[in-house]
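For reference, the chains in residue letters:
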Amino acid sequence: MRYFRFITLYSLLFLVGLLTDGYAQHFPVQATFYAKPPYPINLSDYANPLGQNLSLKVILRDLNLGPTQVYFRFTVTGGGLALSNPPRLGSQPVFTLTPGFVQTFTQADFGRYFSWENLGVSPIVYSKPLGEGIYTFSVDVIDVLTNKSLSGAVPLPPVWLVVNDPPLLTFPANQSLVKVLNPQNTVFQWMPRQRQANAVEYDFVLTELIVPANYGGNLQNLFLAQPPYYKTTTTNTTLLFGPGMPPLIPGRTYGFRVRARARMGFEDVGIFRNDGYSEIFTFTYGEKNRAPSITTARWDVDGKAVVVWSGVDQQIRYDLQYRDPFANVVNAIASAATPITTSTTKSGNSSSGSTATAPTSILYNLENPTLTKLGNNTYSAKIALDNTRAYNFQVGGITAQATDQMLYSTPVFLAKMDWTTVSVAGITRDNNDYLAQLTGKSRKKNPNPMVATCQNPTVTPTDQTKNNIAIGDTLHVGGTDVRVVSTEYAQAMIKTTGGGSSAIKLYFSENFLINQYNEVISGYLTSEPTGKRISLVDVNAGMSGDVNDQTIKSLGVQIDSLKTLGNQIFDESKNNVQNHVGFILRVNFQLVSLKNRLSEKQTALTTCLNTVVNQLATETNTQKKQDLQKLRTLLQTQVAENGRNLTNLTTYLDNYLLLGADVVSILLPKLFML
C-alpha cells in the first residue's frame with residue numbers, strides 16, 4: 001500500500017510539472033553567454049585568444065555530482081550559413097566543472113572552437129568575411145563521457161553584424177597638383193564611414209612613387225610595390241604634414257592610403273570591408289619642370305609688343321628670345337637670324353650679372369623691356385619693337401635641379417600692324433547676377449563645373465562671385481554634395497550596403513564662402529567641430545509686392561542666361577587669343593551670335609526696366625517703393641553697360657570682321673579689354 005501511495009504521489013508531481021513547465025527539462029549546468037560589440041565579420045577574430053568579444057559563465061548546480069569534464073559546442077547561424085562544432089575531436093579543449101562554483105571562460109579558453117577545422121568548414125569558406133545581417137550565436141555544454149547536453153542550447157540575443165566601409169579620402173584629391181608651401185604645410189583629410197565602433201585608429205601611409213620613364217601602368221601598383229616614405233597612426237581624420245615631417249620634394253609624385261582599425265582593448269577587430277583599407281590616391285607635389293607656355297603675343301596700344309607666358313613654381317630663370325622671321329628669306333629654316341636672348345630670374349642674379357628681385361624683375365639686353373609678374377607663375381614682358389615688322393617669340397625656363405635643362409616653348413608669331421588705322425573699344429565682362437538680385441539668391445548650374453573643391457582648390461572656380469548660403473542648400477565640396485542644416489555644420493550622406501545611407505556632420509571653417517554655383521571658393525569643411533558659424537539668408541525674402549511677379553522673374557532668368565553665354569565667349573577669347581586661323585574663324589562666328597544675344601538682352605533689360613518704372617509710378621507702399629527704386633537703378637546701370645557693349649561689338653564686326661586672322665588675333669584682346 002505504501003508503494004502504491006509513493007507511485008501515486010510521484011505521478012501527481014510529474015503531471016504538475018508537465019502542466020506548469022510545459023515539458024521543460026532541468027539541466028544540471030546553467031550557462032550564460034555574453035557578447036560585446038563591435039562584432040567582427042571574420043570568423044578568425046572569434047578564434048583569437050586575445051579577443052574580448054565573447055565570454056561564457058558556467059555553474060554546475062547539481063551538488064551530488066563530482067567534478068565533471070565537459071566540452072562546448074558553438075553554433076553560428078545567419079547570412080546563409082549554419083556552422084556548428086562537430087562531435088568532440090582531439091583538438092577541442094576539455095574543461096572540468098566543479099559543483100557549486102561559477103566558472104568564467106573567455107576566448108583565450110574556447111577560441112580554438114572557432115578555428116576552421118573545429119567548425120568543419122574549408123579554409124576558403126572560413127576566410128570569407130560574414131555578410132551584413134542578423135546572426136545567432138549559441139553554445140551547448142556537453143558531457144565528455146556521454147556526449148549529452150548538460151545545459152541545453154544557450155543563445156545570445158540576435159546580433160546585427162555591420163560591414164563597415166573603409167574611410168573615404170577627401171584631400172588632396174586624386175591625381176591632383178598640390179601647391180608647394182614654405183614652410184611645408186600639406187593637409188591630408190579623410191571621411192570616416194564606420195558604425196558600431198567608437199575606438200577607431202587610422203594607419204596613414206605616404207609613399208614616394210618612383211615612376212619609370214614612359215610608364216603607362218597604374219600608379220597604384222607602384223604604391224603597393226615600393227616601401228613607405230612615411231607612416232603613422234592617429235585617431236584623427238586630419239593629418240597636417242608640416243615642417244617636422246620628412247620633406248616632400250617638388251616635382252615628385254606621391255601616393256597615400258589610410259587603413260581604419262577598430263580597437264577592443266589591445267586587439268584589432270575586423271569590421272571593415274577590404275580589411276579597412278581606403279583607396280589609393282596619388283598627387284604631384286608642385287609641377288614638374290616643363291617648358292613655359294606663351295599665352296599671348298600682341299601689340300599694346302602704345303605700340304610696344306607684349307608677351308605673356310606661364311611657367312612652374314620651380315623655375316628660377318627664364319630666357320626670352322625674339323627674331324624677325326623674314327631676316328633671311330633665302331634659307332629661313334637653317335639660316336634664320338640669330339635670336340636675341342635675354343635672361344631673367346625670379347630671384348638672385350640674371351645672366352647679365354645684374355640683380356633681379358621678385359615679384360617684378362627686369363629683362364636685360366632688350367630695347368626698354370619690363371617684366372611684370374601677373375599672377376601665379378605668369379609673367380608679362382613689354383618690349384619696344386618696330387610694330388611695322390613681324391616677330392617670332394620663344395621663352396625658355398629652367399629649374400635649380402642640376403640635371404634639368406632649359407626647356408623652350410613653341411614659337412609664337414606676332415604680325416606687323418599699322419596702329420594708325422585701328423580704333424576698337426572693348427567689351428566689358430558682365431559679372432552681375434541678375435537672378436540673385438531678383439529672387440534673393442542664385443541657384444544656377446555651372447556649365448563648366450569644378451573637378452573638386454577643397455581648402456586649397458586645384459581647379460580655379462569658373463566664378464568667384466560670392467553667393468549667399470541658405471538652409472537646405474546643396475553645396476559642392478571635395479567632390480561630394482553636402483546639405484546645409486544649420487549655421488554650424490552641413491550634412492553629408494554616406495551610402496551603406498543594402499541601399500541605405502548614413503548621415504555625418506561636417507563643420508564650417510572660418511571664412512567659408514561659396515560662389516553662385518554653390519561651389520566652395522574659400523574655407524573648407526571638416527569632421528572636427530570648429531566653433532565657427534556662418535551667416536544664412538532666407539531664400540524667400542526677396543523683393544516685396546509686384547516685384548516678385550513671375551514675369552519679372554522670367555526676365556531675370558532670360559537676362560542671366562544671355563549673360564552667361566556672352567561671358568563664355570569672353571573667357572574663350574581671353575584664354576585662346578593666338579594666331580590660329582581655326583580659332584579666329586570660330587570666335588568670329590560666335591561674335592555674330594553674341595551680337596544677336598546682346599540685342600535680345602537689351603530688349604529684355606529695357607522691358608524689365610519699363611515694368612519697374614510703371615509699377616513705381618503707382619506704388620504707394622514706402623517699403624515697396626524703396627525696393628522698386630533699387631531695382632530701377634540696377635537695371636538702368638545694366639541697360640547703359642549692355643548698350644555700350646553692343647555698340648562696341650557692332651563697330652568691330654562692321655569694320656574688322658573680314659580682316660586676316662593675323663590682324664584679328666591682335667584686335668581680339670582689345671575688343672575684350674584684355
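In this text the structure is predicted, and so the values were computed from the model without any measurement.

1. Here's the deal with the overall build of the protein
The helix and strand inventory of the protein stands at 11 helices and 34 strands. Per-residue burial over the protein gives 44% buried out of 674 residues. Taking contacts inside the protein between residues at least 6 apart in sequence as the whole, the part at least 24 apart equals 67%. Surface summary for the protein: the accessible area is close to 34,000 Å², and the carbon and sulfur share equals 53%.

2. Considerations on the sheet that holds strand β31 (residues 501-508)
Here 5 strands make up an open sheet; going across it, the order is β28-β29-β30-β31-β34 and the pairing antiparallel. The open sheet is flanked by β28 (474-477) and β34 (525-526), the only strands paired with a single partner. Summarising the sheet, β31 and β34 pair through 2 bridges and their orientation is antiparallel. Pairing of Phe508 across the sheet is with Leu525, part of β34.

3. Notes on the nonpolar core
Soluble, globular proteins show a tendency: their nonpolar side chains are buried together. Counting 37 residues, the largest nonpolar core has Phe33, Leu56, Phe72, Phe110 and Phe114 as its most contacted members. Of all elements in the fold, only β1 (29-35), α2 (43-46), β2 (54-60), β3 (68-78), β5 (95-97), β7 (133-143) and β9 (159-161) reach the threshold of two or more residues within this core.

4. Some remarks on the confidence of the model for the protein
Residues of the protein with pLDDT of at least 70 account for 71%, and the chain-wide mean is 74. Long-range and interchain partners of residues 328-366, a stretch whose pLDDT sits below 50, account for 79 contacts in this model, where long-range means more than four residues apart.

5. Digging into the sheet that holds β2
On the basis of which strands lie adjacent, the open sheet formed by 3 strands has the order β1-β2-β6 and antiparallel pairing. If you trace the sheet from one side to the other, it starts and ends with β1 and β6 (102-106), each paired once. Ignoring which end each strand starts from, the neighbouring axes of this sheet average 20° apart. With 7 bridges connecting them, β1 and β2 associate as antiparallel partners.

6. Here's the deal with the side chain of Asn645
Position of Asn645 relative to the elements: it lies in helix α10 (residues 622-656). The class of Asn645 is buried, set by a relative accessible area of 6%.

7. Observations regarding the pairing of strand β30 (residues 489-495)
Side chains of β30 alternate between two faces, with Ala490, Ala492 and Ile494 buried and Tyr489, Gln491, Met493 and Lys495 left unburied. With 3 bridges connecting them, strand β29 (residues 480-484) and β30 associate as antiparallel partners. Bridge pairing links Val482 to Ala492 in β30. The hairpin turn running from β29 into β30, its antiparallel successor, is 4 residues long. Alignment of β30 against β31, held across 7 bridges, turns out to be antiparallel. Bridge pairing links Ala492 to Ile504 in β31.

8. Some details on the pattern of salt bridges
Opposite charge on two side chains makes pairing possible when the charged atoms of those side chains draw close. Overall, the coordinates contain 5 salt bridges when judged by the stated rule. The partner of Glu201 in a salt bridge is Arg261, with the nearest N and O atoms 3.0 Å apart. Residue Glu201 is found in strand β13 (residues 200-209), and its partner Arg261 is found in strand β16 (residues 252-264); the two are separated by 60 residues along the sequence. A relative accessible area of 23% means that Glu201 is categorised as partly exposed. A relative accessible area of 11% means that Arg261 is categorised as buried. Note that Arg533 and Glu488 form a salt bridge whose closest N and O atoms lie 3.6 Å from each other. Taken together, the residues span a long stretch of sequence, with Arg533 in the loop between β34 and α8 (550-576) and Glu488 in the loop between β29 and β30 at a distance of 45 residues. Residue Arg533 is classed as exposed on the basis of its relative accessible area of 60%. Among the residues examined, Glu488 registers a relative accessible area of 23% and is labelled partly exposed. Taken together, the shared-partner salt bridges connect Glu201, Asp203 and Arg261 into one network.

9. Thoughts on the packing of aromatic side chains
For the structure on display, the rule yields 29 aromatic pairs. Judged by centre distance (5.9 Å) and plane angle (35°), the ring pair of Tyr46 and Phe114 falls under tilted. Placement of Tyr46 in helix α2 and of Phe114 in the loop between α3 (107-110) and α4 (116-119) is noted, with a sequence separation of 68 residues between them. Phe114 shares its class with Tyr46; the two are buried.

10. Focus: the environment of Thr611
Residue placement: Thr611 occurs in helix α9 (residues 581-618). For Thr611, a relative accessible area of 25% puts it in the partly exposed group. A polar contact of 2.9 Å, which involves the side chain of Thr611, links it to the backbone oxygen of Thr607.

11. Concerning unusual backbone geometry
The omega torsion across Phe171 and Pro172 is -5°, close enough to zero to call that bond cis. Tracing the backbone through its elements, the reader meets Pro172 in the loop between β10 (168-171) and β11 (176-178). A cis amide bond links Asn182 to the next residue, Pro183, at an omega of 5°. Here Pro183 shows up in the loop between β11 and β12 (186-191). Even without being glycine, Asn147 reaches a positive phi, approximately 60°. Secondary-structure assignment places Asn147 in the loop between β7 and β8 (154-155). On the basis of relative accessible area, Asn147 is assigned to the partly exposed category, the value being 43%. A positive phi angle is found at Asn511, which is not glycine, with a value near 60°.

12. Section: the environment of Ile134
Relative to the elements of secondary structure, Ile134 occurs in strand β7. Expressed as a C-alpha distance, the spacing of Ile134 and Trp160, which sit 26 residues apart in the sequence, is 4.5 Å.

13. Some remarks on the environment of Thr474
With respect to the element layout, Thr474 can be found in strand β28. In this structure Thr474 comes out as partly exposed when scored by relative accessible area, which is 34%. Note: C-alpha distance between Thr474 and Asn518 (44 residues apart in sequence) is 7.2 Å.

So, how was this worked out
- Residues numbered from 1 in each chain as written.
- Predicted model: local features only at pLDDT ≥ 70, side-chain atom pairs only at ≥ 80, totals over all residues.
- Heavy atoms only, no water.
- Helix = DSSP H or I, 4+ residues; strand = E, 2+ residues; numbered from the N terminus.
- Buried < 20%, exposed > 50% of the residue type's maximum accessible area, 1.4 Å probe, protein only.
- Contact = heavy atoms within 4.5 Å.
- Areas by Shrake-Rupley, 256 points an atom, 1.4 Å probe, with all protein chains shown as cover.
- Pairing = 2+ DSSP bridges.
- Core = buried A, V, L, I, M, F, W, Y, C linked by side-chain atoms within 4.5 Å.
- pLDDT = per-residue confidence, 0-100.
- Axes fitted to C-alpha atoms, helices over the stretch in contact; angles between N-to-C directions.
- Salt bridge = Lys/Arg side-chain N within 4 Å of Asp/Glu carboxyl O.
- Phe/Tyr/Trp six-rings, centres within 6.5 Å; stacked < 30°, edge-to-face > 60°.
- Polar contact = N/O pair within 3.5 Å; in protein donor to acceptor, adjacent residues only side chain to side chain.

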